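Observations on the three-dimensional arrangement
What follows is each chain in one-letter form.
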Amino acid sequence: MTKKSIVFAIFTLQGNGAERVVITLATAMLIKGHDVHIICFKDHIDFDVDSRIPIHIFPYQKFRVLPKFMRTFFASRAFDQFVGEQIGRPHLILSNLEPVDAILSSSKLKNIFFIIHNTLSKEYADKPRQLQRALNFYRQKSCISVSKGVGTDLKKLLKNEVTNRVIYNPVDPLTISNLADNENAKIDQLGEYIINVGGFKSAKRHDRLLEAFSKSSSNAKLVLLGKGKLLEETQELAKKLKISDRVIFMGFQSNAYPFIKAAKALVVSSDFEGLGMTILEALALGVPVISTDCPSGPSEILPQRNLSPVNDVDLLSRNITDVLKNADKYRAELKEDFLVEKCVEKYLALASG
């Protein structure tokens, strides 16, 4: 095996799905003997990262005083110099999320790939100017979509103008299982519950989840893990629906796996997903999952019986009731395509040299 130098570039390592994916991939590549680096644009790290993986903080903040049309050029030149000084000449650079993608679109470094983590037409549905700006820099490099749905969406938007591969976001069942075995005293106090894990933002549609939960015929609790700008609004809705005594807001948990493992089911209520990492993580722990059939990932992971149309609150509610009575009906197999070993092989095949 030829040792490769791999760089993951991402704005922060705060508590979201793309950040967890970066850590999973970086750790797996490290274990395989490669030289792995993570470059963050801001020193915000919520997750535990293997101490053998260097985390470099690129000083992006000093460029934010510049207008956007100037910022990209100067920051990209500084990024190239930063990589040269800190790492050398990587065989592969994997860029994740804005504004990292915007900066790296002007980079002169070789073998840069953009990982597209979400369904862009949905993410920017009410922001056409931002969508066009994003598409302009995605035209500059090759792209990797994290699901077939994301890839199809990107092809339509870019009219097949770029090279676009699909490599699923992976999970590592062994690591997840080990982390899920960590004791957490808070769980013992919860009783029977279903769980949703995700930031409080509009795409996750916690309002839909709470409405469906309020209509379900169950005495179980609903545990919500995450943080975000819509947290207070969601708490107020729980009061309005008179279910605040059964909805437990647990905040962000750096290790959510013990909570997922102890749940009767994971429920996803999103308008759209890139793939749906929490679904994969629940399947890795043998936990039943029900979800909206939203673009792009759930239908690629789950059987049709586990899905309900995006706007069908009544069916989602009935599925919540049913999964608590018939858990085995909603358990699903974790397909090989989502295992970290397979995904790492596909990424390493892109490394130059």
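Overview of the structure. If you're wondering where the values come from, they're calculated on a predicted model, not measured in any experiment.

1. Considering the overall build of the chain
When helices and strands are tallied, the chain shows 15 helices and 13 strands. For 353 residues, the compact-globule formula gives about 20 Å, and the C-alpha radius of gyration of the chain, at 20 Å, lands near that figure. By principal-axis analysis of the C-alpha atoms, the chain measures approximately 60 × 45 × 35 Å. Taken across its 353 residues, the chain has 53% of its residues classed as buried. For the chain, restricting intrachain contacts to residue pairs at least 6 apart in sequence, the fraction spanning at least 24 positions comes to 69%. For the chain, the exposed area adds up to about 16000 Å²; of that, 47% sits on carbon and sulfur atoms.

2. Brief notes about the sheet that holds strand S12 (residues 289-292)
Read from one edge of the open sheet, six strands run S10-S9-S8-S11-S12-S13, paired in parallel fashion. Each edge of the open sheet carries a strand with a single partner, namely strand S10 (247-251) and strand S13 (307-308). Relative to strand S9 (residues 221-225), strand S8 (residues 193-197) runs parallel, the two being bridged by five bridges. Counted as the bridge partner of Asn196 is Leu224 from S9. Against the sheet, helix H9 (residues 206-215) engages S8, S9, S10, strand S11 (265-268) and S12, with an angle of about 170° to S9.

3. Observations regarding the nonpolar core
The biggest cluster of nonpolar side chains holds 99 residues, and the ones touching the most others in it are Phe8, Phe41, Leu104 and Ile195. Residues Leu210, Val267, Val313 and Tyr330 belong to the second largest nonpolar core, which totals 19 residues.

4. Things to note about unusual backbone geometry
Trans is the prevailing form of peptide bonds, just as negative phi is the prevailing case for residues other than glycine. The omega angle of the peptide bond from Glu98 to Pro99 is -5°, so this bond is cis rather than trans. Along the chain, Pro99 turns up in the loop between strand S4 (92-96) and helix H3 (100-104). In this structure, the amide linkage connecting Pro295 to the following residue, Ser296, adopts the cis form with an omega of 10°. Of note, Ser296 is situated in the loop between S12 and helix H13 (298-301). Look at Arg205: it is not a glycine, yet its phi comes out positive at around 50°. Tracing the backbone shows Arg205 in the loop between S8 and H9.

5. Thoughts on the packing of helix H1 (residues 17-31) against helix H15 (residues 340-348)
Taken N-terminus to C-terminus, the directions of H1 and H15 make an angle of 80°; their axes are 10 Å apart at the nearest point. Overall, the two elements H1 and H15 adopt an arrangement that is roughly perpendicular. Contacts between H1 and H15 involve Thr24, Leu25, Ala28 and Met29 on the former and, on the latter, Val340, Val344, Tyr347 and Leu348. Tallied by class, the residues present in the contact of H1 with H15 amount to seven nonpolar, one polar and no charged.

6. Some words on the pairing of strand S1 (residues 5-10)
Regular strands show a simple pattern: their side chains alternate between the two faces of the sheet. Taking burial as the measure, the six residues of S1 include six buried ones, the bulk of the element. Of the two faces of S1, the one carrying Ser5, Val7 and Ala9 and the one carrying Ile6, Phe8 and Ile10 are both buried. Judged from the six bridges that link them, S1 and strand S2 (residues 35-40) form a sheet pairing that is parallel. When the bridges of S2 are listed, Phe8 appears paired with Ile38. For the crossover from S1 across H1 to S2, the handedness is right-handed. When S1 meets S4, the two strands line up parallel, connected through five bridges.

7. Quick notes on the pattern of salt bridges
Applying the stated criterion to the full structure yields 16 salt bridges. Where Asp46 meets Lys227, a salt bridge forms, and the shortest distance between an N and an O atom there is 3.5 Å. Placement of Asp46 in the loop between S2 and strand S3 (55-57) and of Lys227 in the loop between S9 and helix H10 (231-240) is noted, with a sequence separation of 181 residues between them. On the accessibility criterion, Lys227 (40% relative accessible area) is partly exposed. Taking the shortest distance from any N to any O, the salt bridge between Glu211 and Lys215 comes out at 3.7 Å. Of this pair, Glu211 and Lys215 both sit in helix H9, four residues apart, which is roughly one turn of the helix. Here the salt bridges do not stand alone but share partners, grouping Arg205, Asp207, Arg208 and Asp271 into one network.

8. Examining the side chain of Gln253
Considering the arrangement of structural elements, one finds Gln253 in the loop between S10 and helix H11 (257-262). Side-chain polar atoms of Gln253 contact the backbone oxygen of Met250, separated by 2.8 Å. Once residues within four sequence positions are removed from consideration, Gln253 is found in contact with Asn184, Lys186, Leu225 and Phe259.

9. A few points about the sheet that holds S2
Pairing is parallel in the open sheet, where seven strands are placed in the order S3-S2-S1-S4-S5-S6-S7. Pairing within the sheet leaves two strands with one partner each, and these edge strands are S3 and strand S7 (164-166). Within the sheet, the average angular offset between the axes of one strand and its neighbour, ignoring direction, is 25°.

10. Observations regarding the environment of Ile31
Among the secondary structure elements, Ile31 is positioned in helix H1. In the structure, Ile31 is positioned 83 residues away from Phe114 in sequence and 23 Å away in space, judged by C-alpha atoms.

11. Some details on the packing of H9 against H10
In the contact formed by H9 and H10, the axes pass within 10 Å of each other and the chain directions differ by 20°. Judged by the inter-axis angle, H9 sits roughly parallel to H10. Along this stretch, H9 crosses H10, giving a crossing that reads as right-handed. Of H10, the residues touching H9 (which contributes His206, Asp207 and Leu210) are Thr234, Leu237 and Ala238. Among the residues making up the contact of H9 with H10, the classes are represented as three nonpolar, two polar and one charged.

The rules we used
- Residues numbered from 1 in each chain as written.
- Predicted model: local features only at pLDDT ≥ 70, side-chain atom pairs only at ≥ 80, totals over all residues.
- Heavy atoms only, no water.
- Helix = DSSP H or I, 4+ residues; strand = E, 2+ residues; numbered from the N terminus.
- Rg over C-alpha atoms; globule rule 2.2 N^0.38 Å.
- Buried < 20%, exposed > 50% of the residue type's maximum accessible area, 1.4 Å probe, protein only.
- Contact = heavy atoms within 4.5 Å.
- Areas by Shrake-Rupley, 256 points an atom, 1.4 Å probe, with all protein chains shown as cover.
- Pairing = 2+ DSSP bridges.
- Axes fitted to C-alpha atoms, helices over the stretch in contact; angles between N-to-C directions.
- Core = buried A, V, L, I, M, F, W, Y, C linked by side-chain atoms within 4.5 Å.
- Parallel < 35°, antiparallel > 145°, perpendicular 65-115°, else oblique.
- Nonpolar A, V, L, I, M, F, W, Y, C, P; charged D, E, K, R; others polar.
- Right-handed = clockwise from strand over helix to strand, strands pointing away.
- Salt bridge = Lys/Arg side-chain N within 4 Å of Asp/Glu carboxyl O.
- Polar contact = N/O pair within 3.5 Å; in protein donor to acceptor, adjacent residues only side chain to side chain.
- Left-handed = near helix turned anticlockwise from the far one by under 90°.

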